[in-house]
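Summary of structural features
For reference, the chains in residue letters:
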Amino acid sequence: FAYLFLYTDTDFDHDGDRDPALQADFSPPRGGSSSSFNLKTIDPHRQFEFTGSTIDNAIYQTALEFEDGDLTKPTDGLCSYEMSEDDKEMTLTLKDEDAKFSNGDPVTADDIVFSFERLQGIKGNPSFFLDGVKVKKVDDKTVSLTSSEPNPALPYILPNSSIGIVNSKVVKENEGTTDENDGAEQFLNENSQGSGPYKVEKYDADSQVVLTANEHYNGPEPKYKRVVLRNVSAETQLTDIQSGQAQVAFDLNSDQAKQIDESMGKISSLPSTRSLYIFNNTDEKIGGPAADPNFRKAVMAAIDYDKLIDLAGKGSQRMASLVPNEFVGAVAKDEAPERDLAKAKKLLKKAGYDGEKVPFHYSSDQAVNGVDLAQLAETLQAQLKEADINLDLKPAPSSTQLDGFRSAKQPMGIGTWGADFPDPTNYNVFIPGGSVAERVNWNDDPKLKKLADEAAEAKGDAREAAYAKLFKATTDTAVWIPLVQPVSTVAVGSSITKFVSNADVSFDFAKAE
């Protein structure tokens, strides 16, 4: 889990005035938890972890952004944008001409080009975001991004904090390059080069990161001039928020959230971008009963989805496909599978299933946004038993389980997926022949291939319906059975009177009051 605590601490500025400071405490990682104090770097073009992303959201601005957490509509950030009719070329026009880096230098088109090319060239974890994209400066206000194939997902990719715009002049002076010889990571960890509301003052990946306000930021001045993010144990998270010592806590589980009453603060439940699902191996020699479509559909009909919502906590959602409900291409929740035990038993009879045990794999030490996968597996085992389906639970540590799933030799189990960017193309890996589909030996389905081709060719608003049709048909195969979209829970203490927390930014330090 990741826990964020904000305290009503104070700090003196250079004029002797007392400025309010926020203290944010994150717990260290546990197993395969989806978010935690998991910090390897805050170099924006290398970071790909929750804590690094949280910090870089406060330090760096991006070419595009999402307004008010609406992940279906990318909007102007530092730039405005236009897409060509064939979705192969994006034109970015520098719009925020008053934007300045933390040293006072203006943000230019050269900085945007360098940032994009550095992301691509250093081959860090997020480099794939701009795979196949040619970056070119057109003039002092214009940058073009050209793809050899249609790339309608690009506007949904550019708001990511891993594509933050850096001060190219300063980064180059400190061993920054646009190839694998780049040596600016340590410099950027200790001397951030962004134009956002904060800059880094102190960086220690194991214990603490301190941010201070960027005096040259051209947006509203943050009330909290200093933010301290610390790596602490998780044991005290609930008592700290209850006592008022902590002002904000991220990712409380559902039981903890229930213990926060109105006198302590309020609970903000945000849609996560995580999907929990059952996978079924389509190879009869490996999957056994799970390879039979009738058996898979029986499993889908035997699950009590309402009880899974209770397990995941208030604010969690039903899913009709693996695409989160807030994304373009999501299947409407009213089309989600429903429990029908009579239907399940009829399908089992068609499948010729006679109660044999089916190995069911999952990570024993993983929790996703407060949903403990071990508890989820036990719940599913009990529910399916009511339809005379017998799961043989096979728990394993996260790393072992992931290797097993990737080997394509597991019959059934629980899978998790977190979106790299909020566009349905991020889920093409689940279509037959895709990299995740290969883990269940699902290599061909002519109907789905046709729907996938149609979705890829769809333009503009037509993409919504085309991808929803594709992923509804995918759910109907029951190779993947969507279980629940968990919730991100933010507890906000009573001393914070105004804050912004949404699907895009869990907590905006700069807008807290």
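In case you missed it, the structure is sitting above this.
Residues numbered from 1 in each chain as written. Predicted model: local features only at pLDDT ≥ 70, side-chain atom pairs only at ≥ 80, totals over all residues. Heavy atoms only, no water.

This part takes up the sheet that holds strand 19 (residues 412-418). One open sheet holds the five strands; their spatial order is 18-15-19-14-20, and the pairing between them is mixed. This sheet does not close on itself; its edge strands, each paired only once, are strand 18 (390-396) and strand 20 (480-484). Strand-to-strand twist of the sheet, defined as the mean angle between neighbouring strand axes without regard to direction, takes the value 30°. Of the strands in this sheet, strand 14 (274-280), strand 15 (357-363), strand 19 and strand 20 touch helix 9 (residues 293-302), which is tilted by about 10° from strand 20. (Pairing = 2+ DSSP bridges. Helix = DSSP H or I, 4+ residues; strand = E, 2+ residues; numbered from the N terminus. Axes fitted to C-alpha atoms, helices over the stretch in contact; angles between N-to-C directions. Contact = heavy atoms within 4.5 Å.)

Relative to the 16 Å expected for 12 residues at 1.5 Å per residue, helix 14 (residues 446-457) spans 17 Å between its end C-alpha atoms, a close match to the ideal helical length. Burial in helix 14 covers these residues: Leu448, Leu451, Ala452 and Ala455. Summarising the axial view, the buried residues of helix 14 lie within an arc of 105°, below the 170-degree limit, and thus occupy one face. Away from its buried face, by an angle of more than 90 degrees, helix 14 presents the exposed residues Pro446, Lys450 and Glu457. Between the side-chain oxygen at the start of helix 14 and the backbone nitrogen of Lys447 there is a gap of 3.2 Å, and the oxygen is on Asp445. (Expected span 1.5 Å × (residues − 1). Buried < 20%, exposed > 50% of the residue type's maximum accessible area, 1.4 Å probe, protein only. Arc of directions from axis to C-beta. Polar contact = N/O pair within 3.5 Å; in protein donor to acceptor, adjacent residues only side chain to side chain.)

A word on empty space enclosed by the protein. In total, this model carries one cavity of 30 Å³ or more according to the counting rule given. Taken as a whole, the largest cavity encloses approximately 50 Å³ of empty space. Taken together, Ser321, Leu322, Tyr427, Phe430, Phe471, Thr474, Thr475 and Trp480 make up the lining of the largest cavity. Here the lining of the largest cavity is composed, by residue class, of five nonpolar, three polar and no charged. (1 Å grid on protein atoms, 1.4 Å probe; cavity = no way out; pocket = protein on both sides within 12 Å on 5 of 7 lines; lining within 4 Å. Points joined across faces, edges and corners; volume = space filled by probe spheres on them. Nonpolar A, V, L, I, M, F, W, Y, C, P; charged D, E, K, R; others polar.)

What follows covers the packing of helix 10 (residues 305-312) against helix 12 (residues 373-385). Where helix 10 meets helix 12, the axes come as close as 11 Å, and the angle between the chain directions of the two elements is 160°. Taken together, helix 10 and helix 12 sit at an angle that is classed as roughly antiparallel. The handedness of the crossing between helix 10 and helix 12 comes out as right-handed. Contacts between helix 10 and helix 12 involve Lys307, Leu308 and Leu311 from the first element and Gln375, Leu376, Thr379, Leu380 and Gln383 from the second. (Parallel < 35°, antiparallel > 145°, perpendicular 65-115°, else oblique. Left-handed = near helix turned anticlockwise from the far one by under 90°.)

Here we come to a positive patch on the surface. On the surface, Lys297, Lys343, Lys346, Lys350, Lys447 and Lys469 cluster together to form a positively charged patch. Broken down by element, the positive patch gets its largest block of residues, three residues, from helix 11 (residues 341-351). Among the secondary structure elements, Lys297 is positioned in helix 9. On the accessibility criterion, Lys297 (33% relative accessible area) is partly exposed. (Patch = residues over 30% accessible without salt bridge, like charges linked within 9 Å, V, L, I, M, F, W, Y side chains within 5 Å. Areas by Shrake-Rupley, 256 points an atom, 1.4 Å probe, with all protein chains shown as cover. Salt bridge = Lys/Arg side-chain N within 4 Å of Asp/Glu carboxyl O. Lys, Arg positive; Asp, Glu negative; His and termini not counted. Charge placed at Lys NZ, Arg CZ, Asp CG, Glu CD.)

What follows deals with the pattern of salt bridges. One pass over the structure, following the stated rule, counts 21 salt bridges. The shortest N-O distance in the salt bridge between Arg46 and Asp43 comes to 3.4 Å. With a closest N to O distance of 3.2 Å, Lys449 and Asp453 form a salt bridge. Taken together, the positions of Lys449 and Asp453, both in helix 14 and four residues apart, correspond to about one turn of that helix.

Turning our eyes to something else, we now look at the side chain of Asp423. If you trace the backbone, Asp423 turns up in the loop between strand 19 and helix 14. Given a relative accessible area of 0%, Asp423 falls into the buried group. One polar contact links Asp423 to Arg463, side chain to side chain, over a distance of 3.1 Å.

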